[in-house]
Amino acid sequence: MGQTQQTENCKEIDVKDIQDMYKKFVMECPSGLLFLHEFKRFFGVDPTGEASDYAENMFRAFDRNDDNTIDFLEFVAALNLVFRGDLEHKLRWSFKVYDKDGNGFVDKEELRMLDIYLYSIKKIFTDMCDPQLTADEVADRILRAVDSDGDGHINLEEFIRGAQEDPWVLNMLQLDMNPAGWVLEQRRAHF
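Residues numbered from 1 in each chain as written. Predicted model: local features only at pLDDT ≥ 70, side-chain atom pairs only at ≥ 80, totals over all residues. Heavy atoms only, no water.

Here helix α7 (residues 135-146) spans 16 Å end to end across 12 residues, near enough to the 16 Å set by a 1.5 Å rise per residue. Within the span of α7, buried status applies to A135, V138, A139, I142, L143 and V146. All buried residues of α7 project into a common sector of 130° when viewed along the axis, lining one side. (Helix = DSSP H or I, 4+ residues; strand = E, 2+ residues; numbered from the N terminus. Expected span 1.5 Å × (residues − 1). Buried < 20%, exposed > 50% of the residue type's maximum accessible area, 1.4 Å probe, protein only. Arc of directions from axis to C-beta.)

Right under this line is the structure:
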């Protein structure tokens with residue numbers, strides 16, 4: 001318990017990848033700023049489809065200065081984090097994705113809604129969990145495991161500690177542990 005775990009994703013973004021991303025970024029955003037609708041188009045996300053809310057959460061997490069745009073430096077910084085960051089930094093980023101309303105807590109509804117999106121997008125309910133679990137059951141189980149003060153919310157500290165100490169919880173949050181795979185998959189599909 002309490003041991004820091006390392007992720008298996010130790011890839012680095014090479015110069016060619018950055019150049020390719022920059023070319024795509026400039027083509028899509030000549031102003032140098034990426035707005036939410038452009039972000040969805042950039043990654044080939046249907047604005048009304050199942051991936052739309054997840055893309056909005058990712059956009060918010062990439063937007064480090066909360067100006068409702070992503071510049072290229074924010075974009076590359078986020079990708080650098082997901083490719084090279086340690087587990088705690090990735091969990092902090094994950095928490096921001098889960099905390100849809102930005103109030104500093106993740107509640108059952110935020111867990112449940114993200115689980116529904118993730119299930120439909122990534123089919124993550126495999127291996128370590130019972131495929132018969134509903135999104136409500138997954139959210140309840142995560143809350144029981146992680147919400148140490150029992151207030152019905154998960155704060156950042158509980159989120160990080162819970163994921164580091166419980167392999168099942170880490171597995172359930174794993175999609176956010178490797179959003180780079182999703183990002184690159186979308187990028188390759190649209191170059």
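Turning our eyes to something else, we now look at the packing of aromatic side chains. All told, the structure shown has 8 aromatic pairs when counted by the stated rule. Measuring from centroid to centroid gives 4.9 Å for Y22 and F72, while their planes differ by 80°, and the two rings are edge-to-face. Note that Y22 is positioned in helix α1 (residues 15-28) and F72 in helix α4 (residues 72-84), a separation of 50 residues in sequence. For Y22, a relative accessible area of 45% translates into the label partly exposed. Centre to centre, the rings of F39 and F59 are 5.4 Å apart; their planes meet at 70°, and the pair counts as edge-to-face. Residue F39 is located in helix α2 (residues 36-42), and its partner F59 is located in helix α3 (residues 51-62); the two are separated by 20 residues in the primary sequence. Assessed through its relative accessible area of 0%, F39 is described here as buried. R141 extends its terminal NZ or CZ atom over the ring of W168, reaching a point 3.9 Å from the ring centre. (Phe/Tyr/Trp six-rings, centres within 6.5 Å; stacked < 30°, edge-to-face > 60°. Lys NZ or Arg CZ within 6 Å of the ring centre and 35° of its normal.)

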